[in-house]
Amino acid sequence: MGKAGACYAMWVDVDGSDLEALAGLTRVRAAEGKHSEVADLLTRRIDAEMDPDTRLGLRRELAALYAGALADPRKATEAYEGVLDEAPTDRAAIAELEALYEQQKRWEDLRSLLERRHDNAENDAERVAAKVRLARLEETAFGRRAQAIEQLIEILQIDPNHGEALDELERLLAAEKKWDELVDRLEQRIEANPGAGSVPPLERLAVVHRDQR
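Owing to the predicted nature of the structure, the values given are computational and were not obtained by experimental measurement.

1. Some words on the packing of aromatic side chains
Inference 1: Applying the stated criterion across every chain yields a total of 0 aromatic pairs.
Inference 2: Positioned above the aromatic ring of F142 is the side chain of R144, whose terminal nitrogen or guanidinium carbon lies 4.1 Å from the ring centre.

Structure, rendered in structure tokens:
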């Protein structure tokens, strides 16, 4: 392995853009566990590679390396953003970036990414899942209950019986002291499904009338 690595290294020194030499040296350094050198070599290969599919695969490999063995969230974020530059709907990259943005408290970036997930959703279930996360983000990261309420209402327009959205909307309406709206929502829920929720809507409605109205 040492002789092979030396040969490939000499080859790369002669022609730093030779894809075969770079790939060979990458394999050797990976087998040796030299992850930082592998990352540098992958970056050079990405810059030199003309085939879009091959380049995308290299970007994914680089991102996984930074996220895993090198444990570098900043570099991993940059690498996954590079994946999305090549493949804007790559679901695996979007999922990884969501976690990285949340870890780094990059809330605006996370919001944009969740909106992208929503826009690229293939069915209502995926759209609803994205909006659930957007609603939570609006409240917890930005403190914007009104926007969170809007997201939840949009979820219920897609799925009127979505239990989590109903529970969260009722909670936020109560937090905002929007008692008339809350009563309307509870009455609608009772009519549609009297036994829904962890606390029966009829009981919650009674509490609102007793304590607030």
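2. Re the packing of helix α4 (residues 52-67) against helix α5 (residues 73-86)
Inference 1: At a minimum axis distance of 8 Å, the contact between α4 and α5 shows a crossing angle of 160 degrees. When the interaxial angle is binned, α4 and α5 end up roughly antiparallel. As α4 runs across α5, the sense of the crossing is left-handed. Residue-level contacts link P52, R55, L56, R59, R60, L62, A63, A64, Y66 and A67 of α4 to K75, A76, A79, Y80, G82, V83 and E86 of α5.
Inference 2: The residue inventory of the contact of α4 with α5, partitioned by class, reads 11 nonpolar, 1 polar and 5 charged.

3. Structural notes on unusual backbone geometry
Inference 1: Positive phi values are uncommon outside glycine, yet A71 reaches one of about 45 degrees.
Inference 2: For A71, the location among the structural elements is in the loop between α4 and α5.
Inference 3: Judged by relative accessible area, which is 56%, A71 ranks as exposed.
Inference 4: Despite not being glycine, K105 shows a phi value in the positive range, around 55 degrees.
Inference 5: Relative to the assigned elements, K105 resides in the loop between α6 (91-103) and α7 (107-119).

4. Notes on the packing of helix α10 (residues 163-175) against helix α11 (residues 179-192)
Each pair of packed helices gets described by two things: the angle between the helix axes and the distance between those axes.
Inference 1: Contact geometry of α10 with α11 gives a least axis separation of 8 Å together with a crossing angle of 155 degrees. Accordingly, the angle class assigned to the pair α10 and α11 is roughly antiparallel. Crossing handedness for the pair α10 and α11: left-handed. Taking contact as the criterion, the partners of G163, L166, D167, L169, E170, L173 and A174 in α10 are, on α11, W179, E181, L182, R185, L186 and R189.
Inference 2: Tallied by class, the residues present in the contact of α10 with α11 amount to 7 nonpolar, 1 polar and 5 charged.

Reading the values: the criteria
Residues numbered from 1 in each chain as written. Predicted model: local features only at pLDDT ≥ 70, side-chain atom pairs only at ≥ 80, totals over all residues. Heavy atoms only, no water. Phe/Tyr/Trp six-rings, centres within 6.5 Å; stacked < 30°, edge-to-face > 60°. Lys NZ or Arg CZ within 6 Å of the ring centre and 35° of its normal. Axes fitted to C-alpha atoms, helices over the stretch in contact; angles between N-to-C directions. Helix = DSSP H or I, 4+ residues; strand = E, 2+ residues; numbered from the N terminus. Parallel < 35°, antiparallel > 145°, perpendicular 65-115°, else oblique. Left-handed = near helix turned anticlockwise from the far one by under 90°. Contact = heavy atoms within 4.5 Å. Nonpolar A, V, L, I, M, F, W, Y, C, P; charged D, E, K, R; others polar. Buried < 20%, exposed > 50% of the residue type's maximum accessible area, 1.4 Å probe, protein only.

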